[in-house]
Amino acid sequence: MTVTKMSWRPQYRSSKFRNVYGKVANREHCFDGIPITKNVHDNHFCAVNAKFLAIVTESAGGGSFLVIPLEQTGRIEPNHPKVCGHQGNVLDIKWNPFIENIIASCSEDTSVRIWEIPDGGLKRNLTEAVLELYGHSRRVGLVEWHPTANNILFSAGYDYKVLIWNLDIGEPVKMIDCHTDVILCMSFNTDGSLLSTTCKDKKLRVIEPRSGRVLQEASCKNHRVNRVVFLGNMKRLLTTGVSRWNTRQIALWDQEDLSMPLIEEEIDGLSGLLFPFYDADTHMLYLAGKGDGNIRYYEISSEKPYLNYLMEFRSPAPQKGLGVMPKHGLDVSACEVFRFYKLVTLKGLIEPISMIVPRRSETYQEDIYPMTPGTEPALTPDEWLSGMNRDPILMSLKEGYKKTSKVVFKAPIREKKSVVVNGIDLLENVPPRTENELLRMFFRQQDEIRRLKEDLAQKDIRIRQLQLELKNLRNSPKNN
């Protein structure tokens, strides 16, 4: 196997995406004045769908995130309502792919929470989640929704476990316990029958999620993996990581044989994490570096050389993370094939970046918009858990992108009881409280003590007044 360095020269070949370019939204169409979190956790801290933009924010005492309707661009008021029910920092947020008002969050407080956002956005702070999910014994770093089954959510914690939650009953139903260190990334194949993970133990894994069985495993010595993404139905995986010379690197793998990567490509010598994004409709791969402002993009093919460099979007403003708009939220009239929401921490700015295929015609371009996964789930939770696999239900962007999903989220009524997964009672031990939670409890107790003291002082004054009135009555002339 030869490791080749990526050439800066574009490879001119027959491709409809050769001239794709990035277009930054005008300032009035950006979101300004947002106190983006300063947390150094390697996540995007941003999630977007066709209705809302959600951003994890800096907050004192607990964790919070903003939810902003997409049409509410411009400067965001400092007192804008937040989702602020977590007792620790929020580490990840993800919108439900089938119900656009439902968002999942996870936190340092060991919980995963499900929130329902009213149409039109929040009018006041939201502190009550529709579901609070406890099962991890350490902080929870990642959440991912299943791509085809309704109400199936995956969470990865610093206890090295992946829990699979059935939100119809509000409980974990499976546990994946094959990792020996912190899980860095999770990615599903198209129908959600396979899960790929990267881990701090320097291993890349392909897992059958329902059984937790590891189907393939790679010990990455020359390519220290950070992020992984399934490349649609091509039976390929792409990872980003660091080479033995500490240069940023990508590697392409056959998902059925991880003994050796198909190719490895060095990108550059910068130190920031490389976030990969794959668009299965156009077979385009986007690489965005954390801490720099560039987004490289490639076209993936099933035959050698596999990776075809297209172009690079450049910007001087460094990005902390990037949210990605689902396909049904794109502007097809402008030939937009991908849209990022870039977090610029130093400016408190969220900047939309549209990737556009230049076309002269204003009619619908069917060749760049094939049928794409829509907003209807293909499976119920019970169907998926019983072993069924089904491809996503596809929709046309020509007519269907305005169609709203009919799926409604109903929170289960839960009783306190033991939760046994893989023979282990996850709720036998109460999860350890975080420092923020202990501080909040301490201040609440101090306030309660202060109120009790004030009540006692008031009652003492009242008793003395009554005693004085009684004494005056006894000494009055009528009593004599």
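Residues numbered from 1 in each chain as written. Predicted model: local features only at pLDDT ≥ 70, side-chain atom pairs only at ≥ 80, totals over all residues. Heavy atoms only, no water.

The strand order across the open sheet formed by four strands is β17-β18-β19-β20, and the pairing between neighbours is antiparallel. The sheet is open, and its two edges are formed by β17 (183-188) and β20 (213-219), each paired on a single side. The average undirected angle you get between the axes of adjacent strands in this sheet is 20 degrees. In this sheet, strand β19 (residues 203-208) lies alongside strand β18 (residues 195-199) in antiparallel orientation, the contact comprising four bridges. Bridging across to β19, T198 finds its partner in L204. (Pairing = 2+ DSSP bridges. Helix = DSSP H or I, 4+ residues; strand = E, 2+ residues; numbered from the N terminus. Axes fitted to C-alpha atoms, helices over the stretch in contact; angles between N-to-C directions.)

The nonpolar side chains of a soluble globular protein tend to be buried with one another. In terms of nonpolar packing, the biggest core is built from 33 residues, with F31, I34, L53, F65, I117, Y341 and I350 touching the most fellow members. Secondary structure elements with two or more residues in this core: β4 (46-48), β5 (52-57), β6 (63-69), β9 (90-95) and β30 (336-344). With five residues, the top contributor of residues to this core is β5. Ignoring anything within four residues of it in the chain, the contact list for F31 reads L53, I68, P69, L70, Q72, T73, G74, I76, Y341, G348, L349 and I350. Formed by 24 residues, the second largest nonpolar core is a distinct cluster that contains F275, Y297, F313 and F338. (Core = buried A, V, L, I, M, F, W, Y, C linked by side-chain atoms within 4.5 Å. Buried < 20%, exposed > 50% of the residue type's maximum accessible area, 1.4 Å probe, protein only. Contact = heavy atoms within 4.5 Å.)

This paragraph deals with the sheet that holds β6. Reading across from one edge, β4-β5-β6-β8 is the order of the four strands in this open sheet, with antiparallel pairing throughout. Strand pairing shows two members of the sheet lacking a second neighbour, β4 and β8 (82-86), which therefore form its edges. The mean inter-strand angle of the sheet, taken between neighbouring strand axes irrespective of direction, is 20 degrees. Taken together, the three bridges between β6 and β8 define a ladder with antiparallel strand orientation. The partner of G63 across the bridge, within β8, is H86.

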